Amino acid sequence: MSVGEREIKKVPLLRGKTVVNLFFESSTRTRTTFEIAAKRLSADVINVDTRVSATNKGESLLDTIRNLEAMHTDLFVIRHSKSGAAYLVAQHVPPHVRIINAGDGSHAHPTQAMLDMFTIRRYKGSFENLKVAIVGDILHSRVARSQTHALTTLGVPEVRVIAPRTLLPTAVERLGVHAYTDMRAGLEGVDVIIMLRLQRERMQGARIPSEQEFFNLYGLTADKLRLANKDAIVMHPGPMNRGLEIDSAVADGPQSVILPQVTNGIAVRMAVMAIIMAGKAKLEKPEQSSIRKHA
Amino acid sequence: MSVGEREIKKVPLLRGKTVVNLFFESSTRTRTTFEIAAKRLSADVINVDTRVSATNKGESLLDTIRNLEAMHTDLFVIRHSKSGAAYLVAQHVPPHVRIINAGDGSHAHPTQAMLDMFTIRRYKGSFENLKVAIVGDILHSRVARSQTHALTTLGVPEVRVIAPRTLLPTAVERLGVHAYTDMRAGLEGVDVIIMLRLQRERMQGARIPSEQEFFNLYGLTADKLRLANKDAIVMHPGPMNRGLEIDSAVADGPQSVILPQVTNGIAVRMAVMAIIMAGKAKLEKPEQSSIRKHA
Amino acid sequence: MSVGEREIKKVPLLRGKTVVNLFFESSTRTRTTFEIAAKRLSADVINVDTRVSATNKGESLLDTIRNLEAMHTDLFVIRHSKSGAAYLVAQHVPPHVRIINAGDGSHAHPTQAMLDMFTIRRYKGSFENLKVAIVGDILHSRVARSQTHALTTLGVPEVRVIAPRTLLPTAVERLGVHAYTDMRAGLEGVDVIIMLRLQRERMQGARIPSEQEFFNLYGLTADKLRLANKDAIVMHPGPMNRGLEIDSAVADGPQSVILPQVTNGIAVRMAVMAIIMAGKAKLEKPEQSSIRKHA
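Residues numbered from 1 in each chain as written. Chains lettered and ligands numbered in written order. Predicted model: local features only at pLDDT ≥ 70, side-chain atom pairs only at ≥ 80, totals over all residues. Heavy atoms only, no water.

Colleague: Could you give me a rundown of the overall build of chain A, with the residues and numbers involved?
Modeller: A count of helices and strands for chain A gives twelve helices and nine strands. Look at the contacts in chain A between residues 6 or more apart in sequence, and 73% of them connect residues 24 or more apart. Total accessible area computed for chain A in this model is approximately 12000 Å², and 51% of it derives from carbon and sulfur atoms. (Helix = DSSP H or I, 4+ residues; strand = E, 2+ residues; numbered from the N terminus. Contact = heavy atoms within 4.5 Å. Areas by Shrake-Rupley, 256 points an atom, 1.4 Å probe, with all protein chains shown as cover.)

Next comes the structure, spelled out in structure tokens:
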């Protein structure tokens, strides 16, 4: 039984450890998942509100980190609008300080991809014969980037990305994926559909047409869903724009595993925290990765 | 001895449970009371700052709730500017998720009314022969609404509301109360005076005269207090506007039980949380209500 | 071994106690140090975000305190922009409620001075033969004021303050210090250099010249550092303005003890909290002060 389903949702793995949630970009949801995960591991959690933090007073990111590290904190969960921020930090802290990237710019969001892979494995058993489609703003999405990396690493034979041409990276095929601008063609015969959140700000950039037109072309409806395999699952990292990238009938329908993703997100983040704090993370050997171990 | 008075103010009733403070309307004070209450019950507490939460990104209240619930959280404390918000949520969560309404629009603020009833009972022994006056902005006050409901339910024979005509609901008598626009007449012979906080914003709406005039007519002074019974108690849900709805001499005087209300607020909220988590709340039988049980 | 260096960084000294961080002035860093210190002592910590607190609704500081105190909280850590705020509060709470001043206006910042004294003692052994220079905005600095007080109380024979004339208090010598406007003269032969943070806002007040000129005259560079004793230590309360009051080569150099100050800050604040909660603080006898006891 998972810790989240127990009467007392608490294990002492990180007792006496200090976890710092350092979110330079607002995200109540992701911050909350890490906070819950850390508290269920019995860690002390410090939320640093960076809207009022010293970095606003002109202090550099690394000075902020060095200071927090000097307080004998153990683990930083970092979200930052600049790509590479967590990696930069990881290169400058002593080895006993652990770093988790909770999203950096449009680069990566590894724990989101991990929980997505965990979810796919739960529902599909293995990755070997899957067709997976990722739909939406591929160009700006760190989630899509990490998912693509995870799916190809885990041996998924066919990863498709579906988006209007203006939201596809140039030469996206080099990432080992197949690109589609026609959603109906792209969904044909897939086992997993991952919808992305559309930032409404993109509208103003003239990169996409009206909301209504986007929904018509790239919104997941029951009608379009029928093009996928009968037992295809529907995923979304949240928060959803109902009626924009996904229809409520699908979001709340029998093929949706969107809420199980959230539940798995706590378990996967607890696992990641426990493993890196135990110093057993052998990230260079993919066959020992946390995803396989905990599936 | 109450938990709040012990050397170690902690009981393990909610150990391993996750309580989410979900305040869509700012209230440091009420949020703090629930946070302290939950921590003294040994729960993990997550404060969700809704100024930056996903609902700001266009997500609906119910999607926010469903997501938090998918994280295996146990209890939501919800404050929202829309009347009925907590009730709406309670209708859509599975039975193991508990909801506490910490104030919804101008509708209700049940735990405030409960702590007020607890306080009245402590000082007055029973409700059977009491005259209670509620004074101030009755029209907009969820506190007044919940108090009225509680007082009449508990059998208080005479509940009076005192306000300028513009701050009285139409047909207020239908709630089982007596309405007064003359404060001196309304205070005559009462045992309990409950002052309400006046939102200064009401001034601009031309619903009330100047601050000075409001204080003259509806501010509780030592002079007006003498019209009540000699052993009448003075209550206020806080935060007080000294010199607007209440004079400092009364607020800090011997008949004031305003600070005991705050102390009782922690105890009552601990009781409410513990009871609803234990699943023993039989709200349909008033003789077993938490108020009586814990008096 | 200090608690911060243990595997499980937790002692039960304040278990079941409620510590309230009441910051009327934003400071993520200082708030974080107190939060970590309190949690390592096993206290429950409540952060009160005063941007949305009742004091914003017109409630007075003392009403806010009285309310929090009525919730059976044990210790307030108060930062406020008004000089004397913590002292005012301390005069109005009952004796069982403890107050820590975490910075009040331009008056005092006692725990910062304590951790600085602790750091000096760690590196210099004793205070008896030291020359200490404090450099920067002496006029507005509560840190400088508390440090001066601590240094002279502990018997440091020569305390120097170095600043442009516009940033020196009038008649500063009455505090028992020697004032210098020439940094090179002031650094001659000192054992400890304490750099202060320069508020960039001062620039607009025309109190200081350009940033470049300030750095040339009062920024600590390797070149100027050579005027001090060979084993002089360099301190800074943070956050640093690199290239304004201090050069990176010095801040990160072998004589810098800036990060050890941060580490000591947790230990000293844990000690202060534990001592005042134990009620053993005999502040009137300086020979029993927390600084000596814990050195």
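Colleague: Talk me through the interface of chain B and chain A; I want residue IDs and the actual numbers.
Modeller: Listed per partner, the contact involves 25 residues of chain B and 26 residues of chain A. Note on chain B versus chain A: buried area summed over both sides is about 2400 Å², and carbon and sulfur give 50% of it. Counting the contacts that link chain B with chain A gives four salt bridges. In this structure, A:Glu7 and B:Lys17 form a salt bridge, with 2.9 Å as the shortest nitrogen-oxygen distance. (Buried area = accessible area lost by both parts, 1.4 Å probe. Salt bridge = Lys/Arg side-chain N within 4 Å of Asp/Glu carboxyl O.)

Colleague: Describe the pattern of salt bridges, naming the residues involved and giving the relevant values.
Modeller: Within this structure, the stated rule accounts for 39 salt bridges over all chains. Measuring nitrogen to oxygen at the nearest pair gives 3.7 Å for the salt bridge that ties A:Asp231 to A:Lys124. Note that A:Asp231 is positioned in the loop between helix H9 (222-225) and strand S9 (233-235) and A:Lys124 in helix H4 (residues 110-124), a separation of 107 residues in sequence. Where C:Lys39 meets C:Glu35, a salt bridge forms, and the shortest distance between an N and an O atom there is 2.9 Å.

Colleague: Report on the relation of the copies chain B and chain A, specifying residues and quantitative values.
Modeller: Placing chain B over chain A gives an RMSD of 0.0 Å and needs a rotation angle of 120 degrees, together with 0.0 Å of translation along the axis. A rotation of that kind, with that shift, is consistent with a three-fold axis. When the interface residues of chain B are mapped onto chain A, a mere 4% of them are again interface residues, pointing to distinct binding faces. (Least-squares fit on C-alpha atoms with pLDDT ≥ 70 in both.)

Colleague: Any details on the relation of the copies chain B and chain C? Residues and values, ideally.
Modeller: When chain B is fitted onto chain C, the two copies agree to an RMSD of 0.0 Å after a turn of 120 degrees and an axial shift of 0.0 Å. Different-surface contact between copies: only 4% of interface residues of chain B are shared with the interface of chain C.

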